[in-house]
Amino acid sequence: MGNALSASGTWFQNLAAAILVFRLTHSALLLGVLSFAQFAPILLLAPWTGSAADRFDRRRLLLVSQPAAAVLSATLALLTQLDLATAALVIGFGFGQGIATAFSTPAQQALFASLVPREDVASAVALNSMTFNIARAVGPAAAGAAVAGLGIAAAFAINAGSYLVFALALVFVRPRRQERPESSRLRDSFELLRREPRLAVALMIVAAVGFASDPINTLAPAFAHAFERPDTFSGYIIGTFGAGAVAAAFVLAGREPSRTRTIGTLTVLAAGVTAFSLSPLLSVGLVVLFVAGFGYLASNTAATSFLQLGVAENERGRIMALWSIAFLGLRPLASLTDGAIASVAGVRVAGVVLSVPALAAAVFLLRWRRPERSRL
């Protein structure tokens, strides 16, 4: 519950920041730059954040990073209220938030697996993903309403409070005793990928899912404009995608990952994002966007479950740092790509192009033959 509320607050932050930058500049490219700033630290800091999640107490690490992020959000809320926020300032604060996210993501992803027995990890992955996607379904729509009714500064302030809610929830969490590794170098995880190609394939799927879903997150204000709606409608666009993901979480809870099912859900994701991008009617577009959200969550859950189950407890922080690179750290590249394409060829073309990696991953998975020998 704490995570769902905190993740909802993050949508308040991200959507309000995107709307503010778009209102100040009317630039789809700068929307991509904003998203780049928010996620670049995850890629740049991964060698240290993954090691920190294995070497230090994960719960305490989160109890430091969450209040730090709250301070950043509260400061930006104050500056916005005083009409001192510029596009460059918003992007700079996005980079600061990204640093906090870089340290919290591997620790958080590794922590929740230690709250359940090993046989329940797959279900825990689906339910953990559901908390993020409940936030994706509810947060953007609520954020859009908050921006329209209360203002952008209020949305930033709400996010600051949500970080403290999650920190409070962590006070009551009692995970299993954490196993500490003898070595916590990130390159040890790359060696693990060399020995276990199936883990690398799972990370490839996570990256493809992140690319295909990025236009919905990054270009939502521009999509709202393309459908002749106000920029605050972007919350409903993101929320519809998230609602489809929540539906997938209920269907998938308790099910083990399946290669055949993952091929199908990757195809559904790619087809849904493409159909949404090309739809002339908003009503039809929202229906296929819901379906795309289902494919997004199902694909990501399958790959993430495999990663959680495929490593030892004392390797989990580093492998989830690689997960954060694949899912979040590559978002800067995706955001700059779809922002640049949208500025040159239009937002609809950008959505179609960015859906291609998910379809390519489905084709690769269909044709891939895993090595016979494996220690798993």
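Everything below is about the structure shown above.
Residues numbered from 1 in each chain as written. Predicted model: local features only at pLDDT ≥ 70, side-chain atom pairs only at ≥ 80, totals over all residues. Heavy atoms only, no water.

A closer look at the overall build of the protein
Thought 1: The number of helices and strands found in the protein is 16 helices and zero strands.
Thought 2: What you see for the protein is a C-alpha radius of gyration of 19 Å, in line with the 21 Å of a compact globule of 376 residues.
Thought 3: Relative to its 376 residues, the protein shows a buried fraction of 58%.
Thought 4: Partitioning the contacts of the protein with sequence separation of at least 6, the portion at a separation of at least 24 is 87%.
Thought 5: As displayed, the protein offers around 15200 Å² of accessible surface, 67% of which is attributable to carbon and sulfur atoms.
Thought 6: Each charge class in the protein can be summarised by its mean position, and for the 29 positive and 18 negative side chains these summaries are 3 Å apart. (Helix = DSSP H or I, 4+ residues; strand = E, 2+ residues; numbered from the N terminus. Rg over C-alpha atoms; globule rule 2.2 N^0.38 Å. Buried < 20%, exposed > 50% of the residue type's maximum accessible area, 1.4 Å probe, protein only. Contact = heavy atoms within 4.5 Å. Areas by Shrake-Rupley, 256 points an atom, 1.4 Å probe, with all protein chains shown as cover. Lys, Arg positive; Asp, Glu negative; His and termini not counted. Charge placed at Lys NZ, Arg CZ, Asp CG, Glu CD.)

A closer look at helix α4 (residues 58-81)
Thought 1: When the terminal C-alpha atoms of α4 are compared, their 35 Å separation across 24 residues agrees well with the 34 Å that a helix rising 1.5 Å per residue should span.
Thought 2: Among the residues of α4, those classed as buried are Arg58, Arg59, Leu61, Leu62, Ser65, Gln66, Ala69, Ala70, Ser73, Leu76, Ala77 and Thr80.
Thought 3: Between a side-chain oxygen at the N-terminus of α4 and the backbone nitrogen of Arg59 the separation is 3.0 Å; the capping residue is Asp57.
Thought 4: Two residues or fewer after α4 comes Asp83, characterised by a positive phi angle close to 60°. (Expected span 1.5 Å × (residues − 1). Polar contact = N/O pair within 3.5 Å; in protein donor to acceptor, adjacent residues only side chain to side chain.)

Some thoughts on the packing of aromatic side chains
Thought 1: A full pass over the atoms with the stated rule returns six aromatic pairs.
Thought 2: Ring centres 5.0 Å apart and planes at 55° place the aromatic pair Phe223 and Phe276 in the tilted group. A residue pair is termed long-range when its members are at least 10 positions apart, and Phe223 in helix α10 (residues 220-226) and Phe276 in helix α12 (residues 259-278) qualify at 53 residues.
Thought 3: Among the residues examined, Phe223 registers a relative accessible area of 0% and is labelled buried.
Thought 4: Consider the rings of Phe227 and Phe276, whose centres lie 5.5 Å apart with planes at 45°: the pair is tilted. (Phe/Tyr/Trp six-rings, centres within 6.5 Å; stacked < 30°, edge-to-face > 60°.)

Considering the nonpolar core
Thought 1: Counting 65 residues, the largest nonpolar core has Ile237, Leu269, Tyr296 and Ile319 as its most contacted members.
Thought 2: Looking at this core, the element that brings in the most residues is helix α9 (residues 197-218), giving twelve residues.
Thought 3: Counting 29 residues, the second largest nonpolar core, distinct from the first, contains Phe12, Leu15, Ala77 and Ala155. (Core = buried A, V, L, I, M, F, W, Y, C linked by side-chain atoms within 4.5 Å.)

Describing unusual backbone geometry
Thought 1: Phi is positive for Asp83, which is not a glycine, with a value near 60°.
Thought 2: The topology assignment puts Asp83 in the loop between α4 and α5 (87-113).
Thought 3: In the Ramachandran plot, Glu228 falls in the positive-phi region, its phi being about 60° despite a non-glycine side chain.
Thought 4: A relative accessible area of 71% places Glu228 in the exposed class.

A look at the packing of helix α3 (residues 46-55) against α5
Thought 1: Axis separation between α3 and α5 bottoms out at 8 Å; the angle between their running directions is 45°. Classed by the angle they form, the pair α3 and α5 counts as oblique. Handedness of the α3/α5 crossing: right-handed. For the pair α3 and α5, the contacting residues are Thr49, Gly50 and Ala53 in the first and Ala102, Phe103, Pro106 and Ala107 in the second.
Thought 2: For the contact of α3 with α5, the per-class residue count stands at five nonpolar, two polar and no charged. (Axes fitted to C-alpha atoms, helices over the stretch in contact; angles between N-to-C directions. Parallel < 35°, antiparallel > 145°, perpendicular 65-115°, else oblique. Left-handed = near helix turned anticlockwise from the far one by under 90°. Nonpolar A, V, L, I, M, F, W, Y, C, P; charged D, E, K, R; others polar.)

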